[in-house]
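Now for the letters of each chain:
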Amino acid sequence: RDCKMERIVKANDREYNEKFQYADNRIHTSKYNILTFLPINLFEQFQRVANAYFLCLLILQLIPEISSLTWFTTIVPLVLVITMTAVKDATDDYFRHKSDNQVNNRQSEVLIDSKLQNEKWMNVKVGDIIKLENNQFVAADLLLLSSSEPHGLCYVETAELDGETNLKVRHALSVTSELGADINRLARFDGIVVCEAPNNKLDKFMGILSWKDSKHSLNNEKIILRGCILRNTSWCFGMVIFAGPDTKLMQNSGKTKFKRTSIDRLMNTLVLWIFGFLICLGIILAIGNSIWESQIGDQFRTFLFWNEGEKSSVFSGFLTFWSYIIILNTVVPISLYVSMEVIRLGHSYFINWDRKMYYSRKATPAEARTTTLNEELGQIEYIFSDKTGTLTQNIMTFKRCSINGRIYGEVPDDLDQKTEITQEKEPVDFLVKSQVDREFQFFDYNLMESIKMGDPKVHEFLRVLALCHTVMSEENSAGELIYQVQSPDEGALVTAARNFGFIFKSRTPETITIEELGTLVTYQLLAFLDFNNTRKRMSVIVRNPEGQIKLYSKGADTILFEKLHPSNEVLLSLTSDHLSEFAGEGLRTLAIAHRDLDDKYFKEWHKMLEDANAATEERDERIAGLYEEIERDLMLLGATAVEDKLQEGVIETVTSLSLANIKIWVLTGDKQETAINIGYACNMLTDDMNDVFVIAGNNAVEVREELR
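Rules used throughout
Each chain has its residues counted from 1, following the order in which its sequence is written. Residue-level local features of this predicted model are given only where pLDDT is at least 70; pairs of side-chain atoms are given and counted only at 80 or more, and the full residue set underlies all totals for whole chains, interfaces and linings. The side-chain values count all of the structure's non-hydrogen atoms but skip hydrogen atoms and water molecules. UniProt positions are given in the numbering used here, feature names are shortened, and annotations may be inferred rather than shown by experiment. Only runs of H or I of at least four residues qualify as helices and only runs of E of at least two qualify as strands under DSSP, and these elements are numbered from the N terminus. Working rule for contacts: check all heavy atoms of both residues, and any pair within 4.5 Å makes them a contact. In summary, the pairing rule links any two rings of Phe, Tyr or Trp, Trp by its six-membered ring, whose centres are within 6.5 Å, and it sorts them by plane angle into stacked for under 30 degrees, edge-to-face for over 60 and tilted for everything else. Buried residues are those whose accessible area, probed at 1.4 Å on protein chains only, stays under 20% of the maximum for their type, while exposed residues exceed 50% and partly exposed ones sit between those limits. Definition used: whenever NZ (Lys) or CZ (Arg) falls within 6 Å of the ring centre and also within 35 degrees of the ring normal, the charge is taken to sit over that ring. Whether two strands pair comes down to DSSP finding at least two bridges between them. Note on method: axes are straight lines fitted to C-alpha atoms, helices fitted across the in-contact stretch only, with angles between N-to-C directions ranging 0 to 180 degrees. A pairing counts as a salt bridge when a side-chain nitrogen of Lys or Arg comes within 4 Å of a carboxyl oxygen of Asp or Glu. Domain borders in the structure are assigned automatically or taken from a domain database. Throughout this description, the term nonpolar core refers to a set of buried Ala, Val, Leu, Ile, Met, Phe, Trp, Tyr and Cys residues connected via side-chain atoms within 4.5 Å. Patch criteria: residues need more than 30% relative accessible area and no salt bridge. Like-charged residues are merged within 9 Å; nonpolar side chains of Val, Leu, Ile, Met, Phe, Trp and Tyr are merged within 5 Å. Accessibility throughout is a Shrake-Rupley quantity obtained with a 1.4 Å probe, and a residue counts as covered only by protein chains that appear here. Asp and Glu count as negative and Lys and Arg as positive, but His and the ends of the chain are not part of the count. Lysine's charge is taken at NZ, arginine's at CZ, aspartate's at CG and glutamate's at CD.

- Going by an unreviewed UniProt entry, the protein carries the name Phospholipid-transporting ATPase and comes from Cercocebus atys.
- The annotation that UniProt attaches to the protein under Sequence similarities (unreviewed entry) is "Belongs to the cation transport ATPase (P-type) (TC 3.A.3) family. Type IV subfamily."
- Per UniProt, the protein has the following entry under Cofactor (unreviewed entry): "Mg(2+)".

## Points about the UniProt feature "binding site: ATP" (unreviewed entry) in the protein
- The UniProt record annotates "binding site: ATP" (unreviewed entry) at Asp386, Lys387, Thr388, Glu490, Phe531, Lys554, Arg588, Thr668, Gly669 and Asp670. Taken together, the annotated residues stretch across 285 residues and extend over separate regions, lying up to 24.0 Å apart by C-alpha.
- Structurally, the position occupied by Lys387 is in the loop between strand E14 (382-386) and strand E15 (392-403).
- With sequence-adjacent residues up to four places away left out, Lys387 is seen in contact with Thr392, Arg588, Val666, Leu667, Thr668, Asp670 and Ile678.
- Looking at the element boundaries, Gly669 is found in the loop between strand E26 (663-667) and helix H22 (672-681).

## Quick look at the packing of aromatic side chains
- Inspection of the entire model under this criterion finds 20 aromatic pairs.
- Consider the rings of Trp235 and Phe237, whose centres lie 5.8 Å apart with planes at 65 degrees: the pair is edge-to-face.
- Considering the side-chain rings of Phe315 and Phe318, the 6.5 Å spacing of their centres and the 25 degrees angle between planes classify their relative orientation as stacked. Pair noted here: Phe315 and Phe318 are both in helix H10 (residues 313-327), with a separation of three residues, about one helical turn.
- On the basis of relative accessibility, which here comes to 48%, the residue Phe315 falls in the partly exposed class.
- Ring pairing ties together the aromatic residues Phe315, Phe318, Phe321 and Trp322, which thus form one cluster.
- The ring of Tyr16 has Lys10 lying over it, and the distance from NZ or CZ to the ring centre is 5.5 Å.
- One Lys or Arg, Lys212, reaches over the ring of Trp211 and ends 4.5 Å from the middle of that ring.

## Describing the sheet that holds strand E9 (residues 207-211)
- An order of E1-E8-E9-E10 is seen for the four strands of this open sheet, with the pairing classed as antiparallel. Two strands lie at the open edges of the sheet, namely strand E1 (6-10) and strand E10 (214-218), each paired on one side alone. When the angles between neighbouring strand axes are averaged without regard to direction, this sheet yields 20 degrees.
- Judged from the four bridges that link them, strand E8 (residues 192-196) and E9 form a sheet pairing that is antiparallel. Bridged to Ile192 within E9 is Ser210.

## Things to note about the pattern of salt bridges
- All told, the structure shown has 39 salt bridges when counted by the stated rule.
- Its salt-bridge partner being Glu341, residue Lys88 comes within 3.6 Å of it at the nearest N-O pair. With a gap of 253 residues between them, Lys88 in helix H4 (residues 72-104) and Glu341 in helix H11 (residues 334-353) connect regions that are remote in the sequence.
- Residue Asp264 pairs with Arg344 through a salt bridge whose shortest N-O separation is 3.1 Å. Here the residue Asp264 occupies a position in helix H9 (residues 262-303), and Arg344 occupies one in helix H11, the gap between them amounting to 80 residues. This pair shows no difference in class: Asp264 is buried, exactly as Arg344 is.
- A network of salt bridges, in which partner residues are shared, links Lys88, Asp264, Glu341, Arg344 and Glu375.

## Thoughts on the environment of Asn118
- Checked against the element boundaries, Asn118 lands in strand E3 (residues 115-120).
- A C-alpha to C-alpha distance of 53 Å links Asn118 and Gln548, two positions 430 residues apart in sequence.
- Apart from residues no more than four positions distant in its own chain, Asn118 is found in contact with Gln107, Ser108 and Glu109.

## Digging into the domain arrangement of the protein
- On domain assignment, one finds that the protein holds domain 1 (6-15 + 124-251), domain 2 (26-107), domain 3 (263-332), domain 4 (337-379) and domain 5 (397-646).
- Placing the centre of domain 2 and that of domain 5 at their C-alpha centroids yields a distance of 63 Å.

## A few points about the nonpolar core
- Ranked by size, the top nonpolar core spans 50 residues in total, and within it Ile130, Phe189, Val193, Ile224, Met239 and Ile241 carry the most contacts.
- Ranked by residues supplied to this core, first place goes to strand E13 (residues 235-242) with six residues.
- If sequence neighbours within four positions are ignored, Ile224 has contacts with Val138, Ala140, Asp141, Leu142, Leu144, Cys154, Val156 and Cys236.
- By size, the runner-up hydrophobic cluster in this structure holds 42 residues, among which are Phe442, Val464, Leu493 and Val540.

## Some details on the UniProt feature "transmembrane region" (unreviewed entry) in the protein
- As recorded in UniProt, the feature "transmembrane region" (unreviewed entry) lies at residues 270-292 and 312-338.
- Note that residues 270-292 is 100% helix and 0% strand, and that its end C-alpha atoms are spaced 33 Å apart.
- With 74% helix and 0% strand, residues 312-338 has end C-alpha atoms that lie 42 Å from one another.

## Brief notes about the side chain of Asn104
- Mapped onto the secondary structure, Asn104 falls in helix H4.
- Contacts of Asn104, omitting those with residues within four sequence positions, involve Asn25, Arg26, Ile27, Lys120, Trp121 and Met122.

## Some points on unusual backbone geometry
- Of note, Asp113 is a non-glycine position whose phi angle comes to about 50 degrees, a positive value.
- Residue placement: Asp113 occurs in the loop between strand E2 (107-112) and E3.
- Overall, the relative accessible area of 62% leaves Asp113 in the exposed class.
- One non-glycine residue, Asp633, lies in the positive phi region at around 50 degrees.
- Within the secondary structure, Asp633 sits in the loop between helix H20 (619-630) and strand E25 (635-646).

## Examining a negative patch on the surface
- The grouping of Glu617, Glu618, Asp620 and Glu621 at the surface amounts to a negative patch.
- The residue Asp620 is located in helix H20 in this model.

## Quick look at a nonpolar patch on the surface
- Judged by side-chain polarity, Leu62, Trp71, Phe72, Val76 and Leu80 come together as a nonpolar surface patch covering roughly 530 Å² of accessible area.
- Residue position: Leu62 is located in the loop between helix H3 (49-61) and H4.
- Residue class for Leu62 comes out exposed when judged on its relative accessible area of 54%.

Shown next, in the form of structure tokens:
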């Protein structure tokens, strides 16, 4: 079969996999090796005009008829410049080789001949089964087989792939998670995986595992990628699907390119102009020589009795032209290149020594990895920045909410300090003391009152916050609940619910347990409709202890409001006003809704969902359609507002960048009011800007019209 279209891997069978000639797990990020260094490096260096010019000059000086200076006057500076640059390139590449070797020689536990053996990363082959320990780097792209956690779950940190430090959950197929840590059963595992060819899409994986006469579909949830780190999981076993250069991490890293700075380009152009000037000089002087030879030179010859063959004046001019090119070579400034290299080196040290760029908390100075960094930085004209986690701290705090048309969490007046203290104490007194998050502060006494009075809407609202999320809980040694969150937004909402008495305790793939005002309640988890960037919402379907089936949903208000039952009109307009108010304060908002489902309808829907999951064609489209179908006629409960504080120093940085005439663009997924508010908060937008205008076009044509 064609390797480019798909890949077939058999577990624990190196001979079978060898016939496909898949890449092994060794990686190269270096540019040269000992044999290719000279030719490639010289080729790169002679792309500089001045170097090429001096090489030509050297060749000319070796011709005795025209040579007017000795050849070593040229070869010494040329060899010096080329050697300096070559040494610099060689050291850069040496460090690349060093880091490659360090990675290739990392150890991993591999299952060979029914025994776990330590093996270097570079000797790991496709189809091998690897054991990973907690806090270890993943050696290759693996299919997760089993783990120490119940139901084959494991947690990975993907910071090296996508820069996100929050943990992601991966779970093994239930058929393979039964293998556990049983080495004999793992060594007998001979499943065959048929999957897509190597590609660079980090969030997609399509494949099928055939084992024991049954087929199981594989998706991204079952795969752990190279570059991730295993967290909060004592061990897990995985089977290598892609290795070395085929892994998604390496597919995403580009080739090491030969970069030229714009000052280099400018110098090349200057040297070409100077070279042109030199040729003009040479031509003028050569013509002068020819004229002189034909008019006066003859008389000299007569006077010197010099008659061996007539010397043509044109040929004499031609030779003189080359002589002059050699004599006047000092017009072309080769020293300019040397001075530039020295200056660059100096500047890169200045960056390393810069006191203001020293980060005292972690004792890390700035580090210029290339000598050309300074001139690159000097030419920046545009900065494109993300907002969350870049301009803001990505630490969310629950500030306000709107439940059933009433706002809770009004900001207290500073004058009335006595009430502030009692309000601060009140929630803490009311709740199970051990479960409160100490850092959480909420100043509105009314919400506590409503909870005590047993307002069903408020209870349902907090229940949604405690049930609809992907948070994982664990108890630490002191018996305190610790939440592992994938996104800080979710963490803030679950923590808020916890402080108001709806404490998320634990989850299994079939159940979610929460403590509601002191009583433990276990909900049966029937379906989980995950969040993604097109849906912009997340739902859970649970059966409560009374046997009713409920759908709880939270998501972007623009999306959820379209899914509401028509009877919500009055509440909808009230909540929309509240949302605009929250957004005006720069808070991030989410809408909360729910729906009661009847048994018969849910069973039919669940059957269709199972069929869609088993399908091979258009699986994603069918599942998305079913999600759409059940998330309708929702009843609105309210909305939440969470604050994300700005990083220290953002305001000053943005101001000084604007002073340097750099244009800054910030990307954010917020509502328009929130975005404008944050823009003013971090000095992106200022009061001197008299025309702040909003472009609301949905396609290129509309945007062009609005800009015009």
